[in-house]
Amino acid sequence: MGAALLAVASALPAAAQTPAKDLFSAETGPSAAKPQSIGFYSKGCIAGALEMPKDGPTWQVMKPSRHRAFAHPTMIAFLQRLSRDAAAEANWRGLLFGDMAQPRGGPMKDGHASHQIGLDADIYLTEMPNRRLSRDERDTMPLPSVIDKTTRHIDLRRWRPEMGKLIRTAAEEPEVQRIFVHPGIKEQLCKTAGRDRAWLNKVRPMYGHDYHFHVRIVCQPGSPNCEPQESTGTGDGCDKLDWWFDVALQPPKPSSKPYRKPPPIFMSGLPKACSAVLKQPDAGVSASAPSPVPAAAREPVPVTAFEAAPERAPTPAPAAAPRRLPPPPAAGAPDGFDADAPEAGGMPMPRFRPGG
Ligand SMILES: [Zn+2]
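(A) Quick peek at the overall build of the protein chain. The helix and strand tally for the protein chain stands at 10 helices and 11 strands. Looking at the protein chain as a whole, 40% of its 356 residues qualify as buried. Of all intrachain contacts in the protein chain linking residues separated by at least 6 positions in sequence, the fraction that spans at least 24 positions is 77%.

Set out below in structure tokens:
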């Protein structure tokens, strides 16, 4: 028996006992492979991901220290196109992107149950400022909630109609599978949508998501092992919000059981192909070079373009709110858990995931 084989044999038990989030979060670059999403949004991984360029004419990538701006190439192209459409249709200077996926997707150490197969992205409800943010600012800039922490409904001092237009612009894109927003945001969209309401169908209420919204696109061609999510069906969903305000978003009763963290996912709980993705060679620098941005859009934005843009009223800083323990849910959230816990902005965040 060769030394290499011995090493593999002795490494096996350790790998089997290591939570998948530790293995995937240790990956520094995407794999050199054909782009492929494997598994479900909350249980899978991605081969051949691309990294979103840090800056574009109509976007900037936030939270660079997290190293989570990787996604399926179609998602990267979609998000860049959405940022242009938002500028044109929602009068939104540019998008601030949050988490997409880790370089090879998979479970994360903190923050998300989904975002595992490169088809999920968080977009902040804060407009891109008219200057290029420093790396430090991108990690630390306040990204305020639009929800009143006491009433759990929309905070009209922070909500802007453009935010609704932005969410609508995203929901009307055919490749979008669903969008998650705080129930108070969904309620506001329901109130103001008017007669053309079909797009509201894809906008789903969810815990958290009070300072950003979450866009999920459908499984892409070339990903035979990508597991689609059920359709959101028909109807605007505006008649189903009472449970959220009456039950789900209520503070936990003193008698309720304390919250217990769900056990971590191990490699045995992920599709087998994800073990192969971990072993694939690193794509290296090429992973961000063949960006699908058209040449014109890839040109660096001159600083003067930022300086020339009209200044807008500064966004109010978020009120400091003590982080609360999430209430144990009395019933399953209709769409399953998809929280973004570490920056929940004080919103109650049950960290559970009933089914799908
Ligand atoms: Zn998200």
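(B) Layout of the confidence of the model for the protein chain. When pLDDT is averaged along the protein chain, the result is 82, and 75% of the positions lie at 70 or above. Below a pLDDT of 50 lies the segment residues 1-11, which in the model reaches one contact outside its immediate sequence neighbourhood of four places, other chains included. Taken together, the stretch residues 289-356 has pLDDT below 50 and engages in 121 contacts with residues farther than four places along the chain or on a different chain.

(C) Region of interest: the nonpolar core. Ranked by size, the top nonpolar core spans 64 residues in total, and within it Ala71, Phe97, Ile167 and Ile179 carry the most contacts. At seven residues, the largest contribution of residues to this core is made by helix α3 (residues 73-89). Apart from residues lying up to four places away in sequence, Ala71 is in contact with Ala49, Leu50, Met52, Ile76, Met100, Ala101, Gly118 and Ala121.

(D) Main features of helix α6 (residues 183-192). Along α6, the residues classified as buried are Pro183, Gly184, Ile185, Lys186, Gln188 and Leu189. Looking at the buried side of α6, the elements it contacts are α5 (161-171), β9 (176-181), β10 (203-205) and α7 (242-248). Positive phi appears at Gly194, one or two residues downstream of α6, with a value of about 75 degrees.

(E) Here's a closer look at unusual backbone geometry. Notably, Arg152 is not glycine yet its phi reads approximately 65 degrees, a positive angle. Structurally, the position occupied by Arg152 is in the loop between α4 (135-140) and α5. The phi dihedral of His209 is positive, around 50 degrees, even though this residue is not glycine. Within the fold, His209 resides in the loop between β10 and β11 (212-217).

(F) A look at α5. Within the sequence span of α5, burial applies to Met163, Leu166, Ile167, Ala170 and Ala171. The buried side chains of α5 occupy one side of the element, clustering within an arc of 135 degrees when seen end-on. The elements touched by buried residues of α5 are α3, β9, α6, β10 and β11.

(G) Just the environment of Gly164, in detail. In this fold, Gly164 is placed in helix α5. Residue classification places Gly164 among the partly exposed residues on the basis of 18 C-beta atoms within 10 Å. Sequence-wise, Gly164 and Thr192 are 28 residues apart; in three dimensions their C-alpha atoms are separated by 8.6 Å.

About the cut-offs
- Residues numbered from 1 in each chain as written.
- Predicted model: local features only at pLDDT ≥ 70, side-chain atom pairs only at ≥ 80, totals over all residues.
- Helix = DSSP H or I, 4+ residues; strand = E, 2+ residues; numbered from the N terminus.
- Buried ≥ 20, exposed ≤ 12 C-beta atoms within 10 Å, placed from the backbone.
- Contact = placed C-beta atoms within 7 Å.
- pLDDT = per-residue confidence, 0-100.
- Core = buried A, V, L, I, M, F, W, Y, C linked by C-beta atoms within 7 Å.
- Arc of directions from axis to C-beta.

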